[in-house]
Each structure stands twice: as C-alpha cells, then as structure tokens.
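Structure at a glance
Next come the chains, spelled out residue by residue.
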Amino acid sequence: MKNLPRGLPAPPPSGASALPAGTYAGQTVLVTGGGTGLGKAIAAEFARLGADVVVAGRRPAPLEAACAELAAVPGAGRVTAAVCDIRDPERVAEVFDAAAAASGRTPDVLVNNAAANFPCPAEDLSPNAWRAVVDTTLTGTWFMTREFGRRHLAAGTPGSIVSIGASYAWTGGPGFAHSAAAKAGVKNLVETLAVEWGPYGIRINGLVPGLFPHEDMSEDIRDGLDRAEAGGGGVGGGGAGGGGFAARQPALRVGEPRELGWAATFLASPYARFVTGHTLVVDGANWQRRSLVNPDVVPVREQMGRGPFTG
C-alpha cells in the first residue's frame with residue numbers, strides 16, 4: 001500500500017563514488033582520527049577519488065592497519081600514517097611537515113575528525129575529564145586548522161577544511177556538556193574562519209554525522225546506545241513496524257559510513273567552491289525530530305543508571 005512508511009531508500013553500494021573518478025588526483029588529504037571508524041570511512045572516499053591520503057592519530061597500530069586497507073581502495077594514491085597528539089602544537093607542525101615530505105606538498109584538504117567524548121552528568125565531570133574532551137575536540141581542531149591556514153596563507157595557495165561537528169552544537173547535549181560545548185566552538189570556528197580566510201582562497205565547512213554505527217565505536221558510547229535501544233531490535237534492525245535504532249530515525253534506517261564520506265568529498269571538492277562557512281547535517285533529519293507530545297523527563301543521572309549525586 002502506498003501510504004505505509006518505508007523510510008529513505010538505501011544509498012548506492014559500497015565502492016560507488018559521488019564525484020568523477022580522479023577528482024582528487026594530485027592532491028593530498030590529511031584526516032585526523034583517520035585510523036578508525038568514521039575518519040577511516042571518510043579517508044576511503046577521498047582515496048577512491050585519487051587523493052594521496054595521510055591518516056593521523058595517536059595509536060600506531062590502528063593507523064598501520066588503516067593504511068593497508070586504504071591502499072587497497074581502487075583509485076587510491078599514496079597512503080601514509082602520521083602519529084600525532086593534536087593537543088600538542090609542536091606535534092601538529094611535525095605532522096604537516098611529514099605530510100609534505102610524503103607527498104611533496106602541503107595538504108590541500110584537512111579533515112578535522114579527531115575528537116574525544118564519553119557520557120557523563122555535568123556535575124560529575126572532573127576538571128581533567130573536561131580538559132580531555134575540550135582539549136582534543138576544540139583546541140586540537142584549532143591547532144590543526146591554524147597550522148593548515150598559516151601554511152596556505154604563507155604560500156598563497158588555496159585549501160579546504162572540513163571539520164566534523166555535532167548537532168548538539170545547536171541544541172545543547174544533556175549528558176555531554178563537555179563535548180557539546182566543544183562542538184559549539186568548532187561550529188563557530190567554521191563560521192568565523194570562512195569569512196577571515198575566504199579572501200585568500202581557503203574554505204572551511206562543517207559536517208555533522210547522525211547515527212552511523214560502526215565497529216570502532218567506543219564501549220561507553222556503545223553502552224549508551226544499547227541503553228537507549230533497550231527493548232528494541234538492534235542496530236539497523238527494525239523497520240517501520242519494528243524496534244531498534246532504525247525505528248527511532250525519521251529515515252527508518254541508520255546511516256552508512258560511506259554516505260558521510262561522500263558528503264565530505266563534496267564539501268572539499270572543486271564542485272563546492274562557493275560553499276564555505278556552512279555546516280551540513282547528514283542524519284536523515286533525526287536532529288529535527290519532535291513528538292506531538294513530549295515524553296516524560298528522565299534526568300540524565302537516571303538515564304545513565306547513576307544514583308543520587310552526593311558531592
């Protein structure tokens with residue numbers, strides 16, 4: 001029957017490209033947090049379009065595994081790894097030096113994907129916990145962005161930045177005060193630097209993912225999703241009539257990581273040269289979902305299974 005909810009159609013198959021083959025041939029793309037999860041998925045789509053890809057992260061083992069996987073992507077250029085803590089500006093400069101040495105040029109595209117996050121009631125956040133998230137998500141993104149911008153400004157060359165954001169930069173994020181505040185700062189950097197650096201040919205855009213389950217999700221984030229799903233039918237399971245994550249999305253499905261990669265490759269591409277200062281949300285309209293009648297309020301502590309705050 002025509003009026004039954006069916007959700008959004010599935011995306012094209014893995015291996016398809018949203019842009020012409022070779023769009024990034026001769027260009028270097030640096031992806032932070034590119035050794036795992038969505039960062040690796042984004043790096044794969046740039047590689048598929050011919051880019052030389054540099055994946056940066058703190059742990060050598062996942063980076064090495066990612067390099068082998070990305071090098072096998074059809075159409076990929078050179079793939080190299082750079083071990084880096086983006087919270088350290090000296091290490092950030094060294095990563096750009098290493099990327100330039102590997103490809104012979106300053107990266108043409110920077111994808112700020114690296115971030116830190118974990119669920120926690122705001123009153124339980126220690127100073128160190130706050131710093132751990134804000135220093136990586138906001139300050140680390142700034143150090144990477146600053147280094148990229150300064151190098152292109154000094155050389156007089158254009159460039160493109162894509163910074164991964166979060167929808168609670170607009171709405172607030174109960175249970176994630178540290179991350180929500182940091183992501184709001186990332187969104188503001190996108191909007192500020194697009195104006196400051198646009199005259200010099202440097203574009204910067206934001207990209208916000210919705211629910212994209214993947215094998216590299218951290219245990220605490222996975223546990224939070226499992227609690228939210230309690231009684232449902234599993235990741236990607238359950239359609240219009242079933243439970244699970246899919247039934248909780250207006251799209252009636254979750255995202256496929258390659259869909260986020262396609263969005264990133266478009267935003268950084270020559271086909272989006274008049275797009276800057278924009279944040280694109282790729283979440284099947286989930287962040288705009290509202291109920292006709294709001295459900296009862298359950299305090300964050302109760303949602304996380306924590307007892308009363310005792311100080």
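Above this note sits the structure.
The rules behind the values
- Residues numbered from 1 in each chain as written.
- Predicted model: local features only at pLDDT ≥ 70, side-chain atom pairs only at ≥ 80, totals over all residues.
- Heavy atoms only, no water.
- Helix = DSSP H or I, 4+ residues; strand = E, 2+ residues; numbered from the N terminus.
- Rg over C-alpha atoms; globule rule 2.2 N^0.38 Å.
- Buried < 20%, exposed > 50% of the residue type's maximum accessible area, 1.4 Å probe, protein only.
- Contact = heavy atoms within 4.5 Å.
- Areas by Shrake-Rupley, 256 points an atom, 1.4 Å probe, with all protein chains shown as cover.
- Lys, Arg positive; Asp, Glu negative; His and termini not counted.
- Charge placed at Lys NZ, Arg CZ, Asp CG, Glu CD.
- Expected span 1.5 Å × (residues − 1).
- Pairing = 2+ DSSP bridges.
- Right-handed = clockwise from strand over helix to strand, strands pointing away.
- Axes fitted to C-alpha atoms, helices over the stretch in contact; angles between N-to-C directions.
- Parallel < 35°, antiparallel > 145°, perpendicular 65-115°, else oblique.
- Left-handed = near helix turned anticlockwise from the far one by under 90°.
- Core = buried A, V, L, I, M, F, W, Y, C linked by side-chain atoms within 4.5 Å.

**Comments concerning the overall build of the chain**
- Along its length, the chain carries 10 helices and 7 strands.
- Taking 19 Å as the expected radius of gyration for a compact globule of 311 residues, we find that the chain reaches 20 Å, a close match to that expectation.
- Over its C-alpha atoms, taken along the principal directions, the chain stretches across nearly 55 × 55 × 40 Å.
- Taking all 311 residues of the chain together, 44% fall into the buried category.
- Taking all contacts inside the chain whose residues are at least 6 apart in sequence as the whole, residues at least 24 apart take part in 74%.
- For the chain, the exposed area adds up to about 15000 Å²; of that, 55% sits on carbon and sulfur atoms.
- With 27 positive and 28 negative side-chain charges, the chain shows a spacing of 5 Å between the two charge centroids.

**A few points about the environment of Val92**
- Within the fold, Val92 resides in helix α3 (residues 89-103).
- Through-space distance from the C-alpha of Val92 to that of Met144 is 6.3 Å; in sequence the pair is 52 residues apart.
- Not counting chain neighbours up to four residues away, the residues in contact with Val92 comprise Cys84, Asp85, Ile86, Phe143, Met144 and Glu147.

**Looking at helix α4 (residues 127-155)**
- With 29 residues, α4 extends 39 Å between its outermost C-alpha atoms, agreeing within 8% with the 42 Å of an ideal straight helix rising 1.5 Å per residue.
- At the exit of α4 stands Gly156, carrying a positive phi of roughly 70°.

**Considerations on the pairing of strand β5 (residues 159-164)**
- With 6 of its 6 residues buried, β5 lies for the most part within the structure.
- Of the two faces of β5, the one lined by Gly159, Ile161 and Ser163 and the one lined by Ser160, Val162 and Ile164 are each fully buried.
- Inspection of the sheet shows strand β4 (residues 109-112) paired to β5 by 4 bridges, in the parallel sense. In the strand pairing of β5, Val111 is matched with Val162.
- For the crossover that starts at β4, traverses α4 and ends in the parallel β5, the hand is right-handed.
- As defined by bridge partners, β5 adjoins strand β6 (residues 202-209) across 6 bridges and the pair is classed as parallel.

**Let's talk about the packing of helix α1 (residues 37-48) against helix α9 (residues 257-267)**
- In contact at an axis separation of 8 Å, α1 and α9 are set at 55° when each is read in the N-to-C sense. The angle between the axes of α1 and α9 places the two elements in the oblique class. Considering how the two elements wind past one another, α1 and α9 form a crossing that is right-handed. Only Pro257, Arg258, Leu260, Gly261, Trp262, Ala264 and Thr265 of α9 make contact with α1, whose side of the interface consists of Leu38, Ala41, Ile42, Glu45 and Phe46.

**Notes on the nonpolar core**
- Grouped together as the largest cluster of nonpolar side chains are 31 residues, with contacts concentrated most on Tyr24, Val29, Phe46 and Leu207.
- Taken together, the elements giving at least two residues each to this core come down to β1 (28-32), α1, β2 (52-57), α2 (60-71), β4, β5 and α9.
- Counting residues per element, this core draws most heavily on α1, which supplies 6 residues.
- Apart from the residues lying within four places of it in its own chain, the contact partners of Tyr24 are Leu19, Val29, Phe46, Leu49, Gly50, Ala51, Val109, Thr265, Ala268 and Ser269.
- Met144, Val190, Leu193 and Ile204 belong to the second-largest nonpolar core, a separate cluster that totals 22 residues.

**Comments concerning the pairing of β1**
- In terms of burial, β1 is largely enclosed, as 5 of its 5 residues are buried.
- Of the two faces of β1, the one lined by Thr28, Leu30 and Thr32 and the one lined by Val29 and Val31 are each fully buried.
- Read from β1 through α1 to β2, the crossover connection turns out right-handed.

**Re the sheet that holds β4**
- With respect to topology, 7 strands assemble into an open sheet ordered β3-β2-β1-β4-β5-β6-β7, the strand pairing being parallel. Where the open sheet ends on each side, the last strands, each with one partner, are β3 (79-83) and β7 (279-282). Adjacent strand axes in the sheet meet at a mean angle of 20° when their direction is disregarded.
- Note that β1 and β4 share 3 bridges and pair parallel.

**A closer look at the packing of α1 against α2**
- Close contact between α1 and α2 brings their axes to 10 Å; oriented N to C, the two are set at 35°. Here α1 runs over α2; the crossing is right-handed. Contacts between α1 and α2 involve Lys40, Ala43, Ala44 and Ala47 from the former and Ala66, Glu69 and Leu70 from the latter.

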